[in-house]
Amino acid sequence: MAQAEQTERIELLARLQATRRHTEHLAAALSPEDQGLQSMPDTSPTKWHQAHTTWFFETLVLRPWARDYQVFDPHFAQLFNSYYEALGARHPRPQRGLLSRPALSEVQAYRAHVDRALADLALHADADSWAQARPLLELGLQHEQQHQELILSDILHAFSLNPLAPAYLAPAYLAQAPASHPATTLQWLAHPGGLVSVGAPAGGFAFDNESPRHAVQMAGFEIANRLVNCGEFAAFIEDGGYRQANLWLADGWALAQAQAWQQPSYWRPQPDGSWQVFGLAGEQALDPHAPVMQLSFYEAAAYAEWAGARLPTEFEWEAAAGSGRLSQLFDQAWQWTHSAYHPYPGFKPWAGAVGEYNGKFMVGQMVLRGGSLATPPGHARLSYRNFFAPQARWQFSGLRLARDLPSHQGQT
């Protein structure tokens, strides 16, 4: 084995093992009872996330490319397949919380079994098998990082329904987020528009939905230097933002009325007129300078209308973010854009079962850009396209304002 290939294998294995350990670190703050909770059909139990990410490696990497690999339990193929039609039957997503068996201890043993096999593959696979397995190992690593954020958003939703308002206790993880949010004046930063290249550049990992890189023509625009904060969103509420139909898209207004939305889902009004906000650290007094989170696309768009602005398109966001002038890009809240989740011109899904990873969801979803306090370090990038249905409120999602460039500034 050439030295360069050996180094590549060792480095990828080290990254993979660190990622797998981090998942277990996140889960370690939770009891076995916590890890079995599924609070709504869109969320999944922590135990299931740990098993599913392991199933991904077993099914797509080890079974085809690891010589003499022994499947841990054949029943797991159905229990922990998420949505891959090409890979067989699946347990219904809304019923993942019913899977009291296998026990958490068995899922942990499953992870250890697969981890040993992954290490053996990385260190001893022949060159041809390694060439096939390597990109799938990288994909599996990135996939597991996505589920790390889902572990946090999903358990936060479950805990939000508990009258005890329990905190998610992982101080080392929470320390990644700034302890305070100093007040900064919102500034409008101009971008001249023109022909701009967007999408993943060559080299480095990117999901298939980030490609191909292509040119987009856009008009001049302005974008806010920071995210909308809780104090600003509280002013929207106090001004009757949830009661003014003219601010809302029709579907959003109908949903807000049907579900009696009066504030973001984790905001809790107090008798004295103040707010408490439920988050990973439990219930805390509202920090007016903290970015507002857990907003649906509909709420974000209504706020932007109230503020005399709009949401940026995903291409405006990417062009402006690449300038280096925006703050709070990747470490606070995902930012809704006003772009539907559609394929880029010339998009082609990956070959094989992993072709189901992104492409088949390109309808009825909106794009979010950036990253959040729950996004694993190093996972986010300028071209990253997150996506959720417009009614989703349990993610770490906020907004950044944009508006058309004033006509007197012209366009270059």
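Above: the structure in question.
Being a predicted model, the structure only gives us computed values, none of them experimental.

Criteria and cut-off values
- Residues numbered from 1 in each chain as written.
- Predicted model: local features only at pLDDT ≥ 70, side-chain atom pairs only at ≥ 80, totals over all residues.
- Heavy atoms only, no water.
- Helix = DSSP H or I, 4+ residues; strand = E, 2+ residues; numbered from the N terminus.
- Rg over C-alpha atoms; globule rule 2.2 N^0.38 Å.
- Buried < 20%, exposed > 50% of the residue type's maximum accessible area, 1.4 Å probe, protein only.
- Contact = heavy atoms within 4.5 Å.
- Areas by Shrake-Rupley, 256 points an atom, 1.4 Å probe, with all protein chains shown as cover.
- Pairing = 2+ DSSP bridges.
- Axes fitted to C-alpha atoms, helices over the stretch in contact; angles between N-to-C directions.
- Phe/Tyr/Trp six-rings, centres within 6.5 Å; stacked < 30°, edge-to-face > 60°.
- Lys NZ or Arg CZ within 6 Å of the ring centre and 35° of its normal.
- Lys, Arg positive; Asp, Glu negative; His and termini not counted.
- Salt bridge = Lys/Arg side-chain N within 4 Å of Asp/Glu carboxyl O.
- Polar contact = N/O pair within 3.5 Å; in protein donor to acceptor, adjacent residues only side chain to side chain.

**Concerning the overall build of the chain**
In terms of regular secondary structure, the chain is built from 11 helices and 12 strands. For a compact globule of 412 residues, the expected C-alpha radius of gyration is about 22 Å, and the chain comes in at 22 Å, within 12% of that figure. By principal-axis analysis of the C-alpha atoms, the chain measures approximately 65 × 55 × 35 Å. With 412 residues in all, the chain has 53% of them scored as buried. Long-range pairs, those at least 24 residues apart, make up 79% of the contacts in the chain between residues at least 6 apart in sequence. Carbon and sulfur atoms form 55% of the exposed surface of the chain, whose accessible area is close to 18,000 Å².

**Structural notes on the sheet that holds strand E12 (residues 402-404)**
The strand order E1-E4-E12 describes an open sheet built from 3 strands, whose pairing is antiparallel. Either end of the sheet is taken by a strand with one partner, and the two such strands are strand E1 (188-191) and E12. Neighbouring strand axes in the sheet, compared pairwise and without regard to direction, differ in orientation by 25° on average. Note: E1 against strand E4 (residues 221-224), 4 bridges, orientation antiparallel. Residue pairing across strands places histidine 191 opposite phenylalanine 221, the latter belonging to E4. Packed on one face of the sheet, helix H11 (residues 314-321) meets E1 and E4 and runs near 70° to E4.

**A closer look at the packing of aromatic side chains**
Given two aromatic rings, their pairing is described by the distance between the two centres and the angle made by the two planes. Considering all chains together, one arrives at 35 aromatic pairs under this definition. Look at tyrosine 83 and tyrosine 84: their rings are 4.8 Å apart centre to centre, the planes differ by 25°, and that puts the pair in the stacked class. For tyrosine 83, a relative accessible area of 27% gives the class partly exposed. We note arginine 393 situated over the ring of tryptophan 261; from NZ or CZ to the ring centre the distance is 4.1 Å.

**Focus: the environment of glutamine 132**
On the secondary structure map, glutamine 132 appears in helix H6 (residues 127-160). Residue classification places glutamine 132 among the partly exposed residues on the basis of a relative accessible area of 43%. Taking the C-alpha atoms as reference points, glutamine 132 and proline 64, 68 residues apart in sequence, are found 9.3 Å from one another.

**Details of the side chain of glutamate 58**
Turning to its location among the elements, glutamate 58 is positioned in helix H3 (residues 46-65). One buried charged residue, glutamate 58, remains without a salt bridge, the closest side chain of opposite sign being arginine 63 at 6.0 Å. At a separation of 2.5 Å, a polar atom in the side chain of glutamate 58 contacts the side chain of tyrosine 69. What glutamate 58 contacts, discounting residues up to four positions off in sequence, is Arg63, Pro64, Tyr69, Val71, Phe72, Tyr110 and Val114.

**Focus: the environment of glutamate 316**
With respect to the helices, strands and loops of the structure, glutamate 316 is situated in helix H11. Glutamate 316 gets classed as buried once you look at its relative accessible area, which sits at 6%. Counting along the chain gives 94 residues from glutamate 316 to glutamate 222, while the straight-line C-alpha distance between them is 9.0 Å. Beyond its immediate chain neighbours, meaning those up to four positions away, glutamate 316 contacts Met218, Phe221 and Arg310.

**Quick word on the pairing of strand E6 (residues 275-279)**
One face of the sheet, then the other: side chains in a regular strand alternate in exactly this way. Among the 5 residues of E6, 5 are classified as buried, and the element is accordingly described as predominantly covered. Of the two faces of E6, the one carrying Trp275, Val277 and Gly279 and the one carrying Gln276 and Phe278 are both buried. Sheet analysis places strand E5 (residues 267-269) next to E6, joined by 3 bridges and oriented antiparallel. Looking at the pairing, tryptophan 267 lines up with valine 277 of E6. In sequence, E5 turns back onto E6 through a hairpin of 5 residues, with glycine 273 there showing a positive phi of about 90°.

None of this, on its own, says anything about what the molecule does.
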